[in-house]
Amino acid sequence: MKFNTKTIHGGQKHDAAYGSVMPPIYQTTTYAQTSPGNHKGYEYSRTHNPTRHALEKSFASLENGNYGLAFGSGLAAIDAILKLLKPGDEVISTNDLYGGTYRLFTKVYENFGIKFHFVGMLNVNNLEDYITSKTKLVWVETPTNPMMNIIDIKAVSEISKKYNLLLAVDNTFATPYLQQPLELGADIVMHSATKYLGGHSDVVMGALVVKDKDLANQLYFIQNASGAICGPQDAFLVLRGIKTLHVRMQRHCENASAIAAFLKSHPKIENVYWPGFKNHPNHNIAKSQMKDFGGMVSFTTIGNNYKEAVKIVENLKIFTLAESLGGVESLAGHPASMTHASIPKSEREKTGIVDSLIRLSVGIENKADLLADIDQAIG
Ligand code: P1T
């Protein structure tokens, strides 16, 4: 099955009861048993729910994995991965990543005795300097949020395999339409399904997909034991969103490409971060591991002028100033004060998250309208 068919049919069966084409929203906590232990495969909705199950099968199909898991948020999905670890274990992570992930690592899991190394992975050889006998997990976000750095997943997976480390890839920005980390050697792929998978800014959800059965069983155990599941209504909405993922992503990429080119030629804009530029570091890796360059673009104003940046985001009319990304509508964000405020300023600035940085989640509206909006906002 090709990807464009999988978004609609992958892992799906018509409902056995009445043949409904979309899975019913099984809004139930529990399931009747005819005698103790005698049931139809479902006992309690934290453990299993048929609507969530349909979604989890779709996740697995999209990422070419064997097992999918849905959680109440992207961070809950990351939290489940971290629960595979024990005190004393070490994690090597990309140094540019979503601020909430950084916060979970440093403010929650460091308290439980897990050590994190944040490493620039543009050159993957940097990784080996941090590997010790305690290293258990490598965490890669690519493209990174918000600097749009590209990490070579295949090269990282070769190093991870050499040292017997788990490799988890946050595929939120790329989506499985553009990039399939399990095919490149990752062990776990993670999504904030809140973003492109849901696609309509109406659900908060997380996803994991793996190929390996033992790893899947450990994660299912954690999902049930810790209980950070999503509800059936949200599962239904994300399943509906996924059906148009491929069509939406095409338009996101097309619009973002036009906006990146416009910003690059604008005299009031200094840096534009978008992996489609030939001079983007690792552009060639983006070209080989991604189908296109995605819907996200970040930029700074000339001279890193914070006041100019604030003026731009305040002037935007079609783009909404808001956290999040990946919905059909265009959003603009100010990472330093919003999505990445939990990273100390000195750390943030090392990776380029300066005060004039603006991040755009380019939606699927008319391209000319979006360009005109940015043009008038910059002035
Ligand atoms: O918000 P949640 O569904 O819990 O997902 C967390 C998360 C994980 N990984 C990446 C790459 C993300 O971008 C996010 C959430 N990000 C935003 C809310 C944002 O505006 O960047």
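Quick look at the structure, then.

1. What about the sheet that holds strand E9 (residues 296-301)?
Point 1. The strand order E8-E9-E12-E11-E10 describes an open sheet built from five strands, whose pairing is mixed. This sheet does not close on itself; its edge strands, each paired only once, are strand E8 (269-273) and strand E10 (320-321).
Point 2. As defined by bridge partners, E8 adjoins E9 across three bridges and the pair is classed as antiparallel. Bridging across to E9, Ile 269 finds its partner in Thr 301.
Point 3. Across the face of the sheet, helix H11 (residues 306-315) comes into contact with E8, E9, E10, strand E11 (331-333) and strand E12 (358-361) while running at roughly 135° to E9.

2. A short note on the layout of surface pockets
Rolled over the atoms, a probe with the dimensions of a water molecule shows which regions are left empty.
Point 1. Roughly 630 Å³ of volume is contained in the largest pocket.
Point 2. Asp 15, Ala 16, Tyr 26, Tyr 42 and Pro 50 are, among the 20 residues lining the largest pocket, the residues nearest its centre.
Point 3. Estimates place the volume of the second largest pocket at around 340 Å³.
Point 4. In this structure, the second largest pocket is lined by 22 residues; those nearest its centre are Leu 75, Tyr 98, Ser 192, Thr 194 and Lys 195.

3. Quick notes on the nonpolar core
Point 1. If you look at the biggest cluster of nonpolar residues, it comprises 59 residues, and the most contacted ones within it are Leu 55, Phe 59, Met 205, Leu 263 and Leu 360.
Point 2. Built from parts of two domains, this core gets at least three residues from each of domain 1 (3-242) and domain 2 (245-378).
Point 3. Apart from residues no more than four positions distant in its own chain, Leu 360 is found in contact with Ile 259, Leu 263, Gly 295, Met 296, Val 297, Phe 299, Phe 319, Leu 331, Ala 332 and Ile 374.
Point 4. In terms of nonpolar packing, the next biggest core, distinct from the first, is built from 30 residues, Ile 81, Leu 137, Val 210 and Ile 222 among them.

Analysis parameters
- Residues numbered from 1 in each chain as written.
- Predicted model: local features only at pLDDT ≥ 70, side-chain atom pairs only at ≥ 80, totals over all residues.
- Heavy atoms only, no water.
- Pairing = 2+ DSSP bridges.
- Helix = DSSP H or I, 4+ residues; strand = E, 2+ residues; numbered from the N terminus.
- Contact = heavy atoms within 4.5 Å.
- Axes fitted to C-alpha atoms, helices over the stretch in contact; angles between N-to-C directions.
- 1 Å grid on protein atoms, 1.4 Å probe; cavity = no way out; pocket = protein on both sides within 12 Å on 5 of 7 lines; lining within 4 Å.
- Points joined across faces, edges and corners; volume = space filled by probe spheres on them.
- Core = buried A, V, L, I, M, F, W, Y, C linked by side-chain atoms within 4.5 Å.
- Buried < 20%, exposed > 50% of the residue type's maximum accessible area, 1.4 Å probe, protein only.
- Domains from an automatic or database assignment.

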